[in-house]
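Here are the chains, one letter per residue:
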Amino acid sequence: LSMLFNLLVRTYLIHERNYKTVYPDYRTTLNSDDLKTLSVIEDIRKDEGMWIVNSQGRLGNQMGEYATLFALAKLNKRRAYILPETFDHLAPLFRITLPTIKREVANRISWTNYWLHDWMAPEYANINAKYVQLRGYPCSWTFFHNIRDEIRQEFRMHDHLNEEADRYLQKIKGDRKNTTFIAVHVRRGDYV
């Protein structure tokens, strides 16, 4: 619950202000360790193959798609890459490590589109195609529960966001002792 609350506060802080104005190029806000994880694939070797996932939805869907790609590529011993749209959603918040493939390069590849249900099915452990684009809204924990510690590492917040959220929470807390924060997440996007 604490992790969920921290994520909600941090997400609120990011979306409450226009972070593209505050951080015109968020890559400049990252430290040198973060920059090592952000690579762009200029070209590919035809013999290796690669997997990507569609980039749909807002933050929750993007996180689910990323985690599913990470898990299924690992399970099938394939290399996973993300599209720039996924990077743009997740990198300002998290220390993601999957490399990014340029859209122009991705458009030149003849992908095998593989539709996923929103749960792990046995056949997903044996996907034989080399160039796979995972499709759907695969956001179920059943895809990645067995590597949850690795997924948690992927979704570590950047230090500057943690610090900003801590300052915000401290401001709310003030001089009060034994403060308990309660967060309520109202899903509005699909319904309003």
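Our subject is the structure that appears above.
These lines cover the structure that appears in this document, whether it is placed above or below. (Residues numbered from 1 in each chain as written. Predicted model: local features only at pLDDT ≥ 70, side-chain atom pairs only at ≥ 80, totals over all residues. Heavy atoms only, no water.)

1. Some points on the nonpolar core
Heads up, the rule is: Here, nonpolar core refers to any group of buried Ala, Val, Leu, Ile, Met, Phe, Trp, Tyr and Cys residues whose side-chain atoms link them within 4.5 Å. Note on classification: 1.4 Å probe, protein chains only; a residue is buried when its accessible area is under 20% of the maximum for its type, exposed when over 50%, partly exposed between these limits. Here a helix means four or more residues in a row that DSSP labels H or I, a strand means two or more in a row labelled E, and each is numbered from the N terminus. Should any heavy atoms of two residues lie within 4.5 Å, those residues are counted as being in contact.
Ranked by internal contacts, the top residues of the largest apolar core, which has 33 residues, are Tyr66, Leu69, Leu90, Phe94, Ile96 and Phe155. For this core, the secondary-structure elements that each account for two or more residues are strand S2 (50–53), helix H4 (59–75), helix H5 (84–90) and strand S5 (131–135). Per-element tally for this core: the top contributor is H4, with 9 residues. Those residues in contact with Leu69 that sit more than four places away from it in its chain are Trp51, Ile52, Val53, Ala80, Tyr81, Ile82, Leu98 and Leu134. The next biggest cluster of nonpolar side chains, apart from the first, holds 10 residues, and it includes Met50, Leu83, Ile101 and Ala106.

2. Here's the deal with the sheet that holds S2
Rules: Any two strands with at least two DSSP-identified bridges between them are counted as paired. Where helices are involved, their axes are fitted lines through C-alpha atoms of the stretch in contact, as for all axes, and angles between N-to-C directions lie from 0 to 180°.
Strand order in the open sheet formed by 3 strands is S2-S5-S4, and the pairing between neighbours is parallel. The sheet is open, and its two edges are formed by S2 and strand S4 (112–115), each paired on a single side. Taken pair by pair, the neighbouring strands of this sheet meet at an average axis angle of 25 degrees, ignoring direction. Bridging between S2 and S5 involves 4 bridges; their strand directions are parallel. From the neighbouring strand, Val53 faces S5, where its bridge partner is Leu134. Here H4 sits on the sheet in contact with S2 and S5, set at roughly 160 degrees to S2.

3. A few points about the packing of aromatic side chains
Our working rule: Whether two aromatic rings pair depends on their centres lying within 6.5 Å, for rings of Phe, Tyr and Trp, where Trp uses its six-membered ring; planes under 30 degrees apart make the pair stacked, over 60 edge-to-face, and the rest tilted.
Per the counting criterion, the structure on display carries 5 aromatic pairs. Ring geometry for Trp111 versus Tyr131: centroids 6.4 Å apart, planes at 70 degrees, classification edge-to-face. Taken together, the residues Trp111 in the loop between helix H6 (103–107) and S4 and Tyr131 in strand S5 connect sequence positions 20 residues apart. Taking 5.9 Å as the distance between ring centres and 75 degrees as the angle between the ring planes, the aromatic pair formed by Tyr114 and Tyr124 counts as edge-to-face.

4. Considering H4
Which entries qualify depends on this criterion: Helix span, expected: 1.5 Å multiplied by one less than the number of residues in the helix.
Taking 1.5 Å as the rise per residue, H4 with 17 residues should run 24 Å; its terminal C-alpha atoms sit 24 Å apart, in good agreement. H4 sits mainly inside the fold: 13 of its 17 residues count as buried. In the segment just after H4, Lys77 is the residue with positive phi, at about 55 degrees.

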